[in-house]
Amino acid sequence: MLLIFDICYIYMFQVHVFLTEQLKEIPCQCKYLPGPHSVIPTMNNSNNMTDSFSEPEDVVKIFSKIQKFSNPIFCFVGLIGSLLALTVFLSRSQRSISCCLYLAARSFSDIGFLISLIIVWITDVSDSSIFNSTGTCQLTIFLSYICGFLSVWFVVIVTAENYIRICHPFSVKKYCTTKVSKLVITVFPLLALALYNFPLWTLEVSQGRCKGIARYDELFQMFIYMDTVLTLVLPALLITFLMVAITFSLFRSYHRLRRLKGKRLEKRGSRKTNRSKVTKLLFTVSLVFLALNLPSHVIRTMMTLSRYIMNRAEFTTTEMVLQKLFYTLYYLSYAINLFIYLLCGTKFRKDFYHMYIECFSKAYKVKKLKKTDSSSTQLITRQTPEQGGGAADGTVV
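Calculation rules
- Residues numbered from 1 in each chain as written.
- Predicted model: local features only at pLDDT ≥ 70, side-chain atom pairs only at ≥ 80, totals over all residues.
- Heavy atoms only, no water.
- Helix = DSSP H or I, 4+ residues; strand = E, 2+ residues; numbered from the N terminus.
- Expected span 1.5 Å × (residues − 1).
- Bend = angle between axes of the 7 residues up to and from the residue.
- Pairing = 2+ DSSP bridges.
- Patch = residues over 30% accessible without salt bridge, like charges linked within 9 Å, V, L, I, M, F, W, Y side chains within 5 Å.
- Areas by Shrake-Rupley, 256 points an atom, 1.4 Å probe, with all protein chains shown as cover.
- Salt bridge = Lys/Arg side-chain N within 4 Å of Asp/Glu carboxyl O.
- Lys, Arg positive; Asp, Glu negative; His and termini not counted.
- Charge placed at Lys NZ, Arg CZ, Asp CG, Glu CD.
- Buried < 20%, exposed > 50% of the residue type's maximum accessible area, 1.4 Å probe, protein only.
- Phe/Tyr/Trp six-rings, centres within 6.5 Å; stacked < 30°, edge-to-face > 60°.

1. Observations concerning helix H3 (residues 58-89)
Right, on to step 1. Its 32 residues give H3 an end-to-end C-alpha distance of 45 Å, which sits within 8% of 46 Å, the value for a rise of 1.5 Å per residue.
Right, on to step 2. Largest kink in H3: about 25°, centred on Gln67.

Okay, here's the thing in structure tokens:
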């Protein structure tokens with residue numbers, strides 16, 4: 001979604017707020033971690049990373065505490081939600097629809113990205129060496145770059161498909177097919193592998209920390225700027241343009257429908273019901289993604305420009321609070337994806353109900369029935385010997 005290596009800065013800043021003395025001992029490996037949490041630090045410049053912010057005021061500390069505990073919750077909720085959404089989108093009734101395949105691919109990418117964030121969070125909280133080990137260091141950052149790229153571009157593709165469905169309905173049968181979607185889903189991971197394999201050979205574990213290899217510093221920065229364009233600038237422009245075009249097309253359609261009268265309006269409305277359900281889901285997915293991710297993009301870009309172009313050494317309290325708030329919204333976008341699908345996807349909601357709610361409800365009823373039968377059997381078993389004993393005693397007497 002956003003630049004991968006930036007995640008560490010939020011963690012370093014949280015440590016700065018809560019564990020100031022320990023911060024001085026934290027080396028520079030954090031700046032290579034995934035996430036959209038700060039301005040881009042330069043490599044091998046960890047000593048100046050904490051100088052970008054003045055001493056936080058109380059309000060910043062409050063937001064830091066909120067973010068420290070809310071972000072991991074959002075990640076875990078998002079991970080579970082993405083797993084559930086993935087299984088529903090890959091069900092028999094869903095995988096025959098092209099947009100469902102794109103959303104399944106997006107859910108899979110979100111899972112990989114969230115796993116990388118959770119690994120980083122566990123390392124920071126428990127002070128373990130999970131991340132700072134050879135192989136895990138490179139693979140975690142590699143995974144987060146790949147999955148971050150795929151997640152944002154699958155949203156772009158979903159928005160583009162929705163644009164075709166609304167603005168060019170006669171091209172739906174040509175472009176909005178499972179054959180095309182499978183081809184796109186195959187090509188994009190290959191493209192991501194070609195673009196983002198650099199963490200595998202530009203990072204190493206040195207002195208127990210994940211760090212960049214010094215001779216690749218400039219090359220790493222070049223890849224970071226490339227990633228900024230590919231996962232920030234270009235997707236934001238494309239999604240914004242497509243959303244504007246979709247909105248204008250919907251308004252035109254609405255005004256045309258209002259001019260229609262009688263049975264003609266009813267027939268046309270009935271023919272568009274199924275298509276409108278699909279476009280409603282795709283439109284909501286794109287709109288929520290843009291609303292929750294764009295603010296963090298904007299604040300990050302502004303702080304980056306102010307630091308490297310205007311040579312600012314500190315940021316204001318307002319900027320720091322906005323940074324915290326917008327990145328909390330960014331994490332929230334992962335946690336609410338499943339709820340968006342349930343709220344706006346009629347077919348998704350029905351399949352989810354049959355796969356999970358109805359299934360667990362039946363399992364609970366069967367378990368409860370078995371427990372009741374078992375209790376009844378035990379009660380009958382206890383009563384039978386007592387009745388037999390009474391008859392024997394009566395015979396003897």
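Alright, that's what it looks like, and here's the rest.
2. Structural notes on the pairing of strand E1 (residues 203-206)
Right, on to step 1. One ladder, built from four bridges, connects E1 with strand E2 (residues 209-212); its direction is antiparallel. Opposite Val205, over in E2, you have Cys210 as the bridge partner.
Right, on to step 2. Counted along the chain from E1 to the antiparallel partner E2, the turn is two residues long, and its residue Gln207 has a positive phi close to 55°.

3. Some thoughts on helix H9 (residues 217-259)
Right, on to step 1. Between the first and last C-alpha of H9 there are 63 Å, a value that for 43 residues agrees with the 63 Å anticipated at 1.5 Å per step.
Right, on to step 2. The axis of H9 is deflected most strongly, by about 35°, at Val229.

4. Examining a positive patch on the surface
Right, on to step 1. Judged by side-chain charge, Lys277, Lys280, Lys347, Arg349 and Lys350 come together as a positively charged surface patch.
Right, on to step 2. Listing elements by their share of the positive patch, those giving two or more residues are helix H11 (273-308) and helix H14 (346-396).
Right, on to step 3. Of all the elements, H14 adds the most residues to the positive patch, at three residues.
Right, on to step 4. Positionally, Lys347 belongs in helix H14.
Right, on to step 5. On the basis of relative accessibility, which here comes to 39%, the residue Lys347 falls in the partly exposed class.

5. Comments concerning the packing of aromatic side chains
Right, on to step 1. Throughout the structure, instances matching the rule amount to 21 aromatic pairs.
Right, on to step 2. An angle of 45° between the planes, with centres 6.3 Å apart, marks the rings of Phe149 and Trp153 as tilted. Remark: Trp153 and Phe149 occur in helix H5 (residues 136-167); sequence separation between them is four residues, near one turn of the helix.
Right, on to step 3. By relative accessible area, which is 2% here, Phe149 ends up buried.
Right, on to step 4. Each ring, one from Phe154 and one from Phe188, has its centre 6.4 Å from the other, and the planes form 40°; the classification is tilted. Of this pair, Phe154 sits in helix H5 while Phe188 is found in helix H7 (residues 178-195), placing the two residues 34 residues apart along the sequence.
Right, on to step 5. Residue class for Phe154 comes out buried when judged on its relative accessible area of 2%.

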